[in-house]
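Working through the structure, step by step
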Amino acid sequence: QQQVKQSPQSLIVQKGGISIINCAYENTAFDYFPWYQQFPGKGPALLIAIRPDVSEKKEGRFTISFNKSAKQFSLHIMDSQPGDSATYFCAASKQTSYDKVIFGPGTSLSVIP
Amino acid sequence: DAMVIQNPRYQVTQFGKPVTLSCSQTLNHNVMYWYQQKSSQAPKLLFHYYDKDFNNEADTPDNFQSRRPNTSFCFLDIRSPGLGDAAMYLCATSGGDFSYEQYFGPGTRLTVT
């Protein structure tokens, strides 16, 4: 029940295209869903996050879509750029300062010119 | 800028030789976490401190210990590193205004020879 599933494992997108990464969770107690971006040799950085009271959140080229009834959420990267090439982790947790974050297994995104 | 700092960035140790990794933060967050991340995998939580309260994950080997002498600093001690302990070790903090958000340091890459 603590697991977060993520797909695809790897993704290759042409520059200017849309990158889509999908995640699913089981524990309905989760109420905070962040996405982390990690470049090689760096720590993960919080990219964007959503709470289940909204169905979509957009920040620049990055959009999270959230389907509470299906227990699914996805990251869309519009106008993908080579600089977006990184590993993306979806995650889920409860909104407390000490509850552990459950990470998905990650998606390696390559944006080719 | 407020941040999470990890030293050293790269550490080489010999099989069985104790090693200590350090983390400091200027965010004044009350929660600090240690994660282990192996290649192409998600970060795996080892333990966390909520203020001075230590919380160990059930599957964290006894070989891994931690100390938090004050709010700003946290240490990861690996008492007898094995080849399987070679990984990136990530420190993270949470507990600011948006207390559920975790902020990661750049990581320490540990090599065991």
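Residues numbered from 1 in each chain as written. Chains lettered and ligands numbered in written order. Predicted model: local features only at pLDDT ≥ 70, side-chain atom pairs only at ≥ 80, totals over all residues. Heavy atoms only, no water.

**Considerations on the overall build of chain B**
Scanning chain B from terminus to terminus reveals zero helices and eleven strands. The C-alpha radius of gyration of chain B comes to 13 Å, within 12% of the 13 Å expected for a compact globule of 113 residues. Each principal axis of the C-alpha atoms in chain B carries an extent, and together these give about 40 × 30 × 25 Å. Looking at chain B residue by residue over its 113 residues, the buried ones come to 50%. (Helix = DSSP H or I, 4+ residues; strand = E, 2+ residues; numbered from the N terminus. Rg over C-alpha atoms; globule rule 2.2 N^0.38 Å. Buried < 20%, exposed > 50% of the residue type's maximum accessible area, 1.4 Å probe, protein only.)

**A look at the nonpolar core**
The biggest cluster of nonpolar side chains holds 25 residues, and the ones touching the most others in it are Phe33(A), Trp35(A), Phe73(A), Leu75(A) and Tyr88(A). Sorting the residues of this core by element identifies strand E2 (10–14), strand E3 (19–25), strand E4 (33–38), strand E5 (45–50), strand E7 (62–67), strand E8 (72–77), strand E9 (86–92) and strand E11 (107–112) of chain A as the ones contributing at least two each. For this core, the element with the most residues is E9(A), which contributes four residues. Counting residues in each nonpolar core, the second largest holds 18 residues, with Val4(B), Phe47(B), Tyr49(B) and Cys91(B) among its members. (Core = buried A, V, L, I, M, F, W, Y, C linked by side-chain atoms within 4.5 Å.)

**Observations regarding the sheet that holds E3(A)**
What links the strands of a sheet is backbone hydrogen bonding, and the strands pair in either a parallel or an antiparallel sense. All names here are of chain A. Within the open sheet, the five strands sit side by side as E1-E3-E8-E7-E6. Their pairing is antiparallel. Either end of the sheet is taken by a strand with one partner, and the two such strands are strand E1 (4–7) and strand E6 (56–59). Pairwise comparison of adjacent strand axes, ignoring direction, gives a mean angle of 15° for this sheet. Sheet topology places E7 next to E8; six bridges connect them, and they run antiparallel. Paired with Ile 64 across the strands is Leu 75, a residue of E8. (Pairing = 2+ DSSP bridges. Axes fitted to C-alpha atoms, helices over the stretch in contact; angles between N-to-C directions.)

**Some words on the pattern of salt bridges**
When the charged atoms of two side chains lie near each other, side chains of opposite charge can form a pair. Overall, the coordinates contain five salt bridges over all chains when judged by the stated rule. A salt bridge links Glu57(B) to Lys100(A); its shortest N-O distance comes to 2.5 Å. A residue pair is termed interchain when its members come from two chains, as with Glu57(B) in the loop between strand E6 (53–56) and strand E7 (64–67) and Lys100(A) in the loop between E9 and strand E10 (102–103). Classification of Glu57(B) by relative accessible area gives buried; the value is 14%. When its relative accessible area of 28% is taken as the criterion, Lys100(A) is described as partly exposed. One salt bridge connects Asp77(B) with Arg67(B), and the closest N-O pair in it is separated by 2.8 Å. Here Arg67(B) lies in strand E7 and Asp77(B) lies in strand E8 (residues 73–78), a separation of ten residues in the sequence. The exposure class assigned to Asp77(B) is buried, which follows from its relative accessible area of 13%. For Arg67(B), a relative accessible area of 40% translates into the label partly exposed. (Salt bridge = Lys/Arg side-chain N within 4 Å of Asp/Glu carboxyl O.)

**Description of the interface of chain A and chain B**
Every contact between the two is made by 21 residues of chain A and, on the other side, 24 residues of chain B. In total, chain A and chain B occlude about 1,700 Å² of area from one another, counting both sides; carbon and sulfur atoms represent 56% of this. On the surface where chain A and chain B come into contact, there are one salt bridge. Connecting chain A to chain B are five residue pairs in polar contact (both at pLDDT 80 or more). Its residues assigned to classes, the side of chain A that touches chain B comprises nine nonpolar, seven polar and five charged. (Contact = heavy atoms within 4.5 Å. Buried area = accessible area lost by both parts, 1.4 Å probe. Polar contact = N/O pair within 3.5 Å; in protein donor to acceptor, adjacent residues only side chain to side chain. Nonpolar A, V, L, I, M, F, W, Y, C, P; charged D, E, K, R; others polar.)

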